[in-house]
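# Structural characterization, general
Below, each chain spelled out in residue letters.
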Amino acid sequence: MQYQYFARFRYSPLIIHFPGFFAAIPGHAEVPVVELTGAEIVVQALKDEGVEYVFGYPGGAVLHIYDAIFREDAIKHILVRHEQGATHAADGYARATGRPGVVLVTSGPGATNAVTGIATAHMDSIPLVVLTGQVPTPVIGSDAFQEVDTVGITRPCVKHNFLVKRREELAETIRKAFYIATTGRPGPVVVDIPKDVTDPNVKIPYEHVKKVTMRSYNPVEKGHPGQVRKAVELMLAAERPMIYTGGGVVLGDASDELTELVRLSGFPVTNTLMGLGAYPASDRQFLGMLGMHGTYEANMAMHECDVLIAIGARFDDRVTGKVAHFCPNAKIVHVDIDPSSISKNVKVDVPIVGPVKRVMHDMVNVLREQKSAINKEALGRWWERIEGWRRVDCLRYDRNSERIKPQFAVETLYKVTRDQDFYLTSDVGQHQMFAAQFYKFEKPRRWINSGGLGTMGFGLPSAMGVQLAHPEATVACVSGEASILMCIQELATCKQYHLPIKVVLLNNGYMGMVRQWQEFFYGGRYSHSYLDSLPDFVGLAQSFGHVGMRIEKPADLEGAMREAFGMKDRLVFMDVVVDPSENVYPMIEAGKGHHEMYLPPQLSTESELA
Amino acid sequence: MRHIISILLENEAGALSRVAGLFSARGFNIESLTVAPTEDPSLSRMTLVTSGSEDVIEQIMKQLNKLIDTVKLVDLSEGPHIERELMLIKVRAEKGTRDEMKRLADIFRAHIVDVTDASYIVEMTGDGDKLDAFIGIVGPDHIIEVVRSGPLAIARGSRGLTV
């Protein structure tokens, strides 16, 4: 700190006009040091990180920061209507772009409202930087107005969090937050900033911290070559191989490498709910989603395989079913960037810790170099069995119904939007599963949903983040009448920022998934799953300044959707009235194995199929 | 099986609660935990005693390593190591038992660090079994108060757990 030159902070753009002055000082480069207040440092640090949007909601503890934002146009602030919406919107932005989403909320209730969104991002490993205001340092711990222990509350649902006690630490802490959030296994990082740290009356020198190194945090860069070779040996020896990939392939931008590996090997591939789009869904080698509501062919292939290659997936209970019955005859290779994901739920034979992109690249290279080849003959027999399972047509539904079937609604959505630059967000429940089963995602980052935490209310605000990230793209949110009401207030945000999102509400008048479980497992006692006082969604959308539509007949659906998606500059809320009794099939009951699926009632029983 | 894990942590506010929170959130056992700064004031060293199956211990090690504040860690139970615990025990030392208490302390190579006409405070180090043995032999009737540090441990040999 020997040479410090304090130029007056000039608001946007930040330019220092005296380069000669600085150059004249011996031994010092021409990098001027500017003096900024804590609040200005926050904004400048975000600018230096290349942040485009901040999703937030003001309040007492962050007013200094909001004042600095007011004077800075490089960062666009999106005012949400509830802090949960801010975190989900930033999350949607991050999922659709791969860049970190940024959130700014106030202390106390601002922070606690953000927690659901932070936990959602944590469970799905989404990079977020969440700046929360805090009461001034001298009163921390005194139960001050709007005080809450944000670091304590968020600790179990963040990748890391910080409390910034001195303004001198602010710039480096924000740099570290972005570094931690975006590297290794990504995740949300909370930076709690007491109000006095952003005091507008105190200025300190600010320099952009370009590189951060942390002795305690060094994400792996590649997989162990010996383990990669072992994995390839297993692949070559396999007679009934299966590739199972998860959200890690999407997060790790490794879709091309996966596609190459799958095509080169000729192996069947299945994706988890989080991994959809990592491999083109219309390809023959794709068996659809696996797990609780996965396809018959994917789950049966999992159950019968002799070598399982798991990539960027974490063996979630919704995927594995009963662990004791999981892939009973398979040698398992598991590639993941997070060592703690490996052998957590299922013991694996060949663990490979590393970024999936790099590891799959290496696997492809080793596979190409091998003298021996894939056992094509056995693979051919394996594919014959798989095609047999595929012929069961487990996603069959009644296409002649007089009511709109939710499956038909998603298929129609696919038909109408398939040729567009299209992103689909989802809420949580039956509609989410129907979308995952029936919408064919050809590219990664196009299917945006809360998989791990299963957060109702995620769909609409996350669509806002996606639409802001891709203003020219078509963005739709598939939702249910229960989920949508959990963040319905964000329709106001959509109006304010002219976000032409298309809401496809599959309205069955029930919390569909709850109703389905009550039908299957609770003797049809529909305890509190019927929403008998639903709003008029058309009127509701209109009251927020949007277009509302109600569609009740199958024959009207495609025309209505085409009309809705034709309104390029309007948010259109489609209240699609669907069959209230429809269930999601196939279904594996919690605690059962992959081979114990419920199939649609019109299909014969599993034993007859075999 | 009982495992004794040594962790080098960044000496940051909240680092201890991250470790404690991890154990409660994931339902891991924690028998004892001691922590203090090292010769490098930016680092804390934690000694943690836990138990569980090999799978559980593997997860514990991985989850601890995943904490951003964790610099290094080692499961000392995997090799030869030295384990010590400090105990301060206040015992009744009245007429009739005073001499016996003194003799017991000597036998256990302990020190008497505070004396009144009715009590001693005995300072003692050793592994947990030794401290348990002393407590057992003194007996509940003669114990006023016990405070134990929980074990500290270090691996034998010239190699160290350092940055």
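Residues numbered from 1 in each chain as written. Chains lettered and ligands numbered in written order. Predicted model: local features only at pLDDT ≥ 70, side-chain atom pairs only at ≥ 80, totals over all residues.

Here we take up the sheet that holds strand β4 (residues 70–75) of chain B. Residues and elements named next belong to chain B. Read from one edge of the open sheet, four strands run β2-β3-β1-β4, paired in antiparallel fashion. Taken across any chain shown, the strands that pair with only one partner, and hence form the sheet edges, are β2 (32–37) and β4. The average undirected angle you get between the axes of adjacent strands in this sheet is 15°. In the sheet, β2 pairs with strand β3 (residues 43–51) via six bridges, with the strands oriented antiparallel. (Pairing = 2+ DSSP bridges. Helix = DSSP H or I, 4+ residues; strand = E, 2+ residues; numbered from the N terminus. Axes fitted to C-alpha atoms, helices over the stretch in contact; angles between N-to-C directions.)

In this section: the interface of chain B and chain A. The partner chain A presents 13 residues to the 17 residues of chain B that form the contact. Put simply, the parts of the chain that give the side of chain B that touches chain A at least two residues each are α1 (15–25), α2 (54–66) and β4 of chain B. Per-element tally for the side of chain B that touches chain A: the top contributor is α2 of chain B, with five residues. Among the residues making up the side of chain B that touches chain A, the classes are represented as five nonpolar, six polar and six charged. (Contact = placed C-beta atoms within 7 Å. Nonpolar A, V, L, I, M, F, W, Y, C, P; charged D, E, K, R; others polar.)

As a further point, take the packing of helix α10 (residues 255–265) of chain A against helix α13 (residues 356–369) of chain A. Residue and element names in this part refer to chain A. Running from amino to carboxyl end, α10 crosses α13 at an angle of 25°, the nearest separation of the two axes being 9 Å. As the angle between them shows, α10 and α13 are arranged roughly parallel. The crossing of α10 and α13 is left-handed. Packed against α10, whose contacting residues are Glu257, Leu258, Glu260, Leu261, Leu264 and Ser265, the element α13 presents Lys357, Met360, His361, Met363, Val364 and Leu367 at the interface. In terms of residue class, the contact of α10 with α13 is built from seven nonpolar, two polar and three charged. (Parallel < 35°, antiparallel > 145°, perpendicular 65-115°, else oblique. Left-handed = near helix turned anticlockwise from the far one by under 90°.)

This part is about helix α4 (residues 83–97) of chain A. Between its first and last C-alpha, α4 of chain A extends 21 Å over 15 residues, near the 21 Å set by a 1.5 Å rise per residue. Counting buried positions along α4 of chain A yields 14 of 15 residues, so the element is predominantly enclosed. (Expected span 1.5 Å × (residues − 1). Buried ≥ 20, exposed ≤ 12 C-beta atoms within 10 Å, placed from the backbone.)

This brings us to the confidence of the model for chain A. Residue and element names in this part refer to chain A. For chain A, per-residue confidence averages 93 on the pLDDT scale, and 94% of positions sit at 70 or higher. Note that residues 1–27 has pLDDT below 50 and, in this model, 33 contacts with residues that lie over four places away or in other chains. A low-confidence stretch, residues 606–610 stays under pLDDT 50, and its non-local contacts, those more than four residues away or across chains, total four contacts. (pLDDT = per-residue confidence, 0-100.)

Residues and elements named next belong to chain A. At a minimum axis separation of 10 Å, helix α15 (residues 406–417) and helix α21 (residues 554–566) run at an interaxial angle of 40°. Judged by the inter-axis angle, α15 sits oblique to α21. Handedness of the α15/α21 crossing: right-handed. Residues Phe408, Ala409, Thr412, Leu413, Lys415, Val416 and Thr417 of α15 form the contact with α21, whose participating residues are Pro554, Leu557, Glu558, Met561, Arg562 and Phe565.

What follows deals with the environment of methionine 513 of chain A. Note that methionine 513 of chain A resides in helix α19 (residues 512–521). Through-space distance from the C-alpha of methionine 513 of chain A to that of glycine 56 of chain A is 32 Å; in sequence the pair is 457 residues apart.

Residue and element names in this part refer to chain A. Taking 1.5 Å of rise per residue, 14 residues should cover 20 Å, and α13 covers 20 Å from first to last C-alpha, within 8% of that figure. Within α13, the full set of buried residues consists of Val356, Lys357, Val359, Met360, Asp362 and Met363. On its buried side, α13 packs onto α8 (225–237), α9 (247–251), α10, β12 (307–311), β13 (331–336) and β14 (350–353).

Attention shifts here to the sheet that holds strand β3 (residues 76–79) of chain A. Residues and elements named next belong to chain A. Strand order in the open sheet formed by six strands is β3-β2-β4-β5-β7-β6, and the pairing between neighbours is parallel. Where the open sheet ends on each side, the last strands, each with one partner, are β3 and β6 (160–163). Averaged over neighbouring strand pairs, the angle between their axes works out to 20° when direction is ignored. Strand direction decides the pairing type here: β6 and strand β7 (residues 188–194), joined by four bridges, are parallel. Across the sheet, the residue bridging to phenylalanine 162 is valine 191, located in β7.

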